[in-house]
Structure formats: structure tokens, C-alpha cells
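# Structure at a glance
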Amino acid sequence: MRAQPGDWLVVKSARAEVPDRHGRIVAVGTADGGPPFTVRWFLGGYVSTVFPGPDAVVLTAAERKALAPGGARRPRRGSEDVGPSRR
């Protein structure tokens, strides 16, 4: 799995009643874009280091936007980078 800062990490939920987790990747662990990823999570705005598992997918901002009209959940417009320090 490869990413670059600005991409989105989406961790799929195993249960229908629990939403997927979305976070913006702010840093990658290796020069070629490999994990671990430093992610600012949309819900809560906290930052954590993640080694993504098989339930995760990396999307560019354009890919994520293209999926949204088809019913994919995504945060409200303009709220993606709001964290505790910006509220």
C-alpha cells in the first residue's frame, strides 16, 4: 500500500451499524510512500500512526470525491481538516 500526504485512508467497518473511518494522511513512513502513515482522523480530529491492515484503502482526494455521489459516506464539505486545535 502506497500513499502520499493529502491522500485519504479509509478503514472499512466490519459492521453495518458502524461507519467507516476516514482520515487524511499527513505523513508517510518511507520515501516510496509506504507505511506507517500519520493520519488526522476526521471524527475527533486526533492524529495517530497507522500500519493499515487488509480492511483499509488509500484514496486520492479526486478518487474519494468521485465515489461520494454514488452513496459513499464522506465528511461535510469544508470540515475535512478540522481538528481540536482549530475549533
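Relevant structure appears above.
So, here is what we can say about the structure in this document. Residue positions are given per chain, counting from 1 as you read along its sequence in written order. Restriction of local features to residues with pLDDT of at least 70 applies here, the model being predicted, together with a cutoff of 80 or more for giving and counting side-chain atom pairs; totals for whole chains, interfaces and linings are based on all residues. The side-chain values count all of the structure's non-hydrogen atoms but skip hydrogen atoms and water molecules.

By definition, any uninterrupted DSSP run of H or I lasting at least four residues is a helix, any uninterrupted run of E lasting at least two residues is a strand, and each is numbered from the N terminus. Secondary structure summary: the chain contains one helix and five strands in total. Its helices and strands in sequence order give the chain the pattern β-β-β-β-β-α, from N to C terminus. Per-residue burial for the chain yields a buried fraction of 31% across its 87 residues. Note on contacts: a residue pair is in contact if any heavy atoms of the two residues lie within 4.5 Å. Contacts in the chain between residues far apart in sequence, at least 24 positions, make up 46% of those at least 6 positions apart. Every accessible area reported is derived by Shrake-Rupley at a probe size of 1.4 Å, with residue values counting cover from the shown protein chains alone. Split by element, the accessible area of the chain, about 5,600 Å² in all, is 55% carbon and sulfur. Each residue gets one of three labels from its accessible area relative to the maximum for its type: buried under 20%, exposed over 50%, partly exposed in between, using a 1.4 Å probe on protein chains only.

Another aspect to go through is the sheet that holds strand β3 (residues 37-41). Two strands are counted as paired when DSSP detects at least two bridges linking them. Here five strands make up an open sheet; going across it, the order is β4-β3-β2-β1-β5 and the pairing antiparallel. Looking at the sheet topology across the chains shown, the edges are occupied by β4 (47-50) and β5 (56-59). Sheet twist, expressed as the mean angle between neighbouring strand axes with direction ignored, is 35°. Looking at chain direction, β3 and β4 are connected through four bridges and run antiparallel. The partner of Arg40 across the bridge, within β4, is Val47. Helix axes are fitted only over the stretch in contact, all axes being lines through C-alpha atoms; the angle between N-to-C directions runs from 0 to 180 degrees.

Turning to the packing of aromatic side chains, a few remarks are in order. Between the rings of Phe, Tyr and Trp (Trp by its six-membered ring), a pair exists once the centres lie within 6.5 Å; its type follows the angle of the planes, with under 30 degrees stacked, over 60 edge-to-face, and the other angles tilted. Summed over all chains, the structure comprises zero aromatic pairs. Counted as over-ring charges are cases with an Arg CZ or a Lys NZ within 6 Å of the ring centre that also lie within 35 degrees of the ring normal. Just above the ring of Trp41 sits the side chain of Arg21; from NZ or CZ to the centre is 4.0 Å. Of note, Arg64 hangs over the ring of Trp8, and the distance from its end group to the ring centre comes to 3.7 Å.

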